[in-house]
Amino acid sequence: IDRITALDVHPPAYYYLLKLWLGLGKSELVLRMLSVVAGTLVVPGVFFTAATCLSDSGQRGKLTGLLAALLSATSPFLVYYSQVGRMYALCASLCTVAVGLLLSAVNRQKWQLYVGFVLVATACLYTFYYSAAVVGAALAYALATRSHRWRELLTAGLAILVLYVPWLARAVPPMLERIGARAGSLSNLLG
């Protein structure tokens, strides 16, 4: 799977999970159910993240979490991608949990939450390249609002990078080759 996904435009985590999931059956319904499950998990992930943002507010935090969960459960975008046999719903659920874990970690200062963030954020990156923007934005937000936690945040960011480098080492050369081939064919067309 690594070699094939390195040639594709997406990292391998979804494909590994799908391979395991297809042990339940090989029908289209079974294939799409992985995205349905992942998309459904976005809702509690959003609740957790939104409630964590306002954890000091008590009831207001829970109400905000419920409202955010309702909005995510009825979001046409999320509902659509929960039906598609691709990695998008899984990425959304992992990203929401990663952000929630990071916010909890900087608020509660528990190393277990930082470890959870590192693992889930790394899983995000192994699922979809653009999730790097979410992980980076979450780290930047945490650094901007809790600058006194810079050591923990830097350590978490470096740990994610160390865990992700093996995939980058495998995926970047084929990507550069593909880009070079496209650039060459474009220059042939223009020249």
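Higher on the page you've got the structure.
What comes next concerns the included structure. (Residues numbered from 1 in each chain as written. Predicted model: local features only at pLDDT ≥ 70, side-chain atom pairs only at ≥ 80, totals over all residues. Heavy atoms only, no water.)

## Here we look at unusual backbone geometry
Then comes step 1: Within the chain, Q109 stands out as a residue other than glycine whose phi angle is a positive 55 degrees.
Then comes step 2: Checked against the element boundaries, Q109 lands in the loop between α6 (88-108) and α7 (111-127).
Then comes step 3: On the accessibility criterion, Q109 (31% relative accessible area) is partly exposed. (Helix = DSSP H or I, 4+ residues; strand = E, 2+ residues; numbered from the N terminus. Buried < 20%, exposed > 50% of the residue type's maximum accessible area, 1.4 Å probe, protein only.)

## Quick look at the packing of aromatic side chains
Centre distance and the angle of the planes are the two values used to describe a pair of aromatic rings.
Then comes step 1: Applying the stated criterion to the full structure yields 7 aromatic pairs.
Then comes step 2: Consider the rings of Y80 and Y81, whose centres lie 4.9 Å apart with planes at 80 degrees: the pair is edge-to-face.
Then comes step 3: Y80 gets classed as partly exposed once you look at its relative accessible area, which sits at 49%.
Then comes step 4: Both rings, one in F128 and one in Y130, keep their centres 5.5 Å apart while their planes meet at 75 degrees; by these two values the pair is edge-to-face. (Phe/Tyr/Trp six-rings, centres within 6.5 Å; stacked < 30°, edge-to-face > 60°.)

## Examining helix α3 (residues 28-53)
Then comes step 1: Here α3 is 26 residues long and its end C-alpha atoms lie 38 Å apart, about the 38 Å a rise of 1.5 Å per residue gives.
Then comes step 2: For α3, the set of buried residues is V30, L34, S35, A38, G39, V42, G45, V46, T49, A50, A51 and T52.
Then comes step 3: Close packing links the buried residues of α3 with α2 (13-21), α4 (59-73), α5 (76-81) and α6. (Expected span 1.5 Å × (residues − 1). Contact = heavy atoms within 4.5 Å.)

## Considering the side chain of H10
Then comes step 1: Relative to the helices and strands, H10 resides in the loop between α1 (2-7) and α2.
Then comes step 2: By relative accessible area, H10 is classed as buried at 8%.
Then comes step 3: Of note is the side chain of H10, whose polar atom sits 3.1 Å from the side chain of R86. (Polar contact = N/O pair within 3.5 Å; in protein donor to acceptor, adjacent residues only side chain to side chain.)

## Here we look at the side chain of T127
Then comes step 1: Inspection of the secondary structure assignment puts T127 in helix α7.
Then comes step 2: A polar contact is formed between the side chain of T127 and the backbone oxygen of A123, at a distance of 2.7 Å.
Then comes step 3: Beyond its immediate sequence surroundings of up to four residues, T127 is in contact with P11, A13, M87, L90, C91 and L94.

Spatial relationships are all this shows, so hold off on functional conclusions.
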